[in-house]
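# Observations on the model geometry
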Amino acid sequence: MAVEIKYVVVRGGVEKMTFASKKEADAYDKLLDTADELMTLLAGAPVTLEPEQQESLAFYLAEQRDVLQNVLRGGKGQGSPKEEPQQAAEKIDADKPKGKSLKSVA
């Protein structure tokens, strides 16, 4: 008979996740703590979000903690890929209002 040690992260009496190491369980517990704090922050935001959206956004931001901290300190984020110049130009053109251009008016 084998003995296995498992670490279970429990929130509000509900098992959230099971891990094989204490280090992983502690990291996930810290992630959940951060997400809870971010949900509180998002609840007071000047935009209306559904509770599911708040939870998803808070969890995402908690997962991106290192990148977010770097951005808040004035650094650059690493999360979004760069657009190709052609795609960026098409996006700008698509955002321009339709109608006469300045050249055709003159």
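For the structure itself, consult the block above.
Predicted model, so just to flag it, every value in this text is computed and none were measured.

The next thing to look at is the overall build of the protein. When helices and strands are tallied, the protein shows five helices and two strands. Listing the helices and strands of the protein from first to last along the sequence gives β-β-α-α-α-α-α. In the protein, buried positions account for 12% of the 106 residues. Surface summary for the protein: the accessible area is close to 9300 Å², and the carbon and sulfur share equals 55%.

Counted under the stated rule, the structure contains five salt bridges. A salt bridge links Arg11 to Asp33, with the shortest nitrogen-to-oxygen separation between them at 2.4 Å. Taken together, the positions of Arg11 in strand E1 (residues 7–11) and Asp33 in helix H1 (residues 22–43) put the pair 22 residues apart, joining distant regions of the chain. Here Arg11 ties to Asp36 by a salt bridge, and the two come within 2.8 Å at their closest N and O atoms. A residue pair is termed long-range when its members are at least 10 positions apart, and Arg11 in strand E1 and Asp36 in helix H1 qualify at 25 residues.

Relative to strand E2 (residues 14–19), E1 runs antiparallel, the two being bridged by five bridges. Bridge pairing in E2 places Val9 opposite Met17. The loop that links E1 with its antiparallel partner E2 comprises two residues; one of these, Gly12, has a positive phi angle of about 60°.

Attention shifts here to the packing of aromatic side chains. Taken as a whole and judged by the stated rule, the model has one aromatic pair. Consider the rings of Phe19 and Tyr28, whose centres lie 5.5 Å apart with planes at 50°: the pair is tilted. You'll find Phe19 and Tyr28 in the same group, each marked buried.

The next subject is the layout of surface pockets. Roughly 170 Å³ of volume is contained in the largest pocket. Every residue lining the largest pocket is listed: Arg11, Lys16, Tyr28, Leu32, Ala35, Asp36, Met39, Glu55 and Phe59. If one sorts the elements of the lining of the largest pocket by residue count, H1 sits on top with five residues. The class makeup of the residues in the lining of the largest pocket is five nonpolar, no polar and four charged.

Here the focus is the side chain of Gln54. Take Gln54: it is sitting in helix H2 (residues 51–63). Setting aside residues up to four positions removed in sequence, Gln54 forms contacts with Met39, Leu42, Ala43 and Leu49.

The subject of this paragraph is the packing of H1 against H2. Direction vectors running N to C along H1 and H2 enclose 130°, while the axes themselves pass 8 Å from each other. On the basis of the axis angle, H1 is oblique to H2. At the point where H1 passes H2, the crossing takes the right-handed sense. Touching Tyr28, Leu31, Leu32, Thr34, Ala35, Leu38, Met39, Leu42 and Ala43 of H1 are Gln54, Glu55, Leu57, Ala58, Phe59, Leu61, Ala62 and Glu63, all from H2. In the contact of H1 with H2, the residues fall into 13 nonpolar, two polar and two charged.

Parameters at a glance
Residues numbered from 1 in each chain as written. Predicted model: local features only at pLDDT ≥ 70, side-chain atom pairs only at ≥ 80, totals over all residues. Heavy atoms only, no water. Helix = DSSP H or I, 4+ residues; strand = E, 2+ residues; numbered from the N terminus. Buried < 20%, exposed > 50% of the residue type's maximum accessible area, 1.4 Å probe, protein only. Areas by Shrake-Rupley, 256 points an atom, 1.4 Å probe, with all protein chains shown as cover. Salt bridge = Lys/Arg side-chain N within 4 Å of Asp/Glu carboxyl O. Pairing = 2+ DSSP bridges. Phe/Tyr/Trp six-rings, centres within 6.5 Å; stacked < 30°, edge-to-face > 60°. 1 Å grid on protein atoms, 1.4 Å probe; cavity = no way out; pocket = protein on both sides within 12 Å on 5 of 7 lines; lining within 4 Å. Points joined across faces, edges and corners; volume = space filled by probe spheres on them. Nonpolar A, V, L, I, M, F, W, Y, C, P; charged D, E, K, R; others polar. Contact = heavy atoms within 4.5 Å. Axes fitted to C-alpha atoms, helices over the stretch in contact; angles between N-to-C directions. Parallel < 35°, antiparallel > 145°, perpendicular 65-115°, else oblique. Left-handed = near helix turned anticlockwise from the far one by under 90°.

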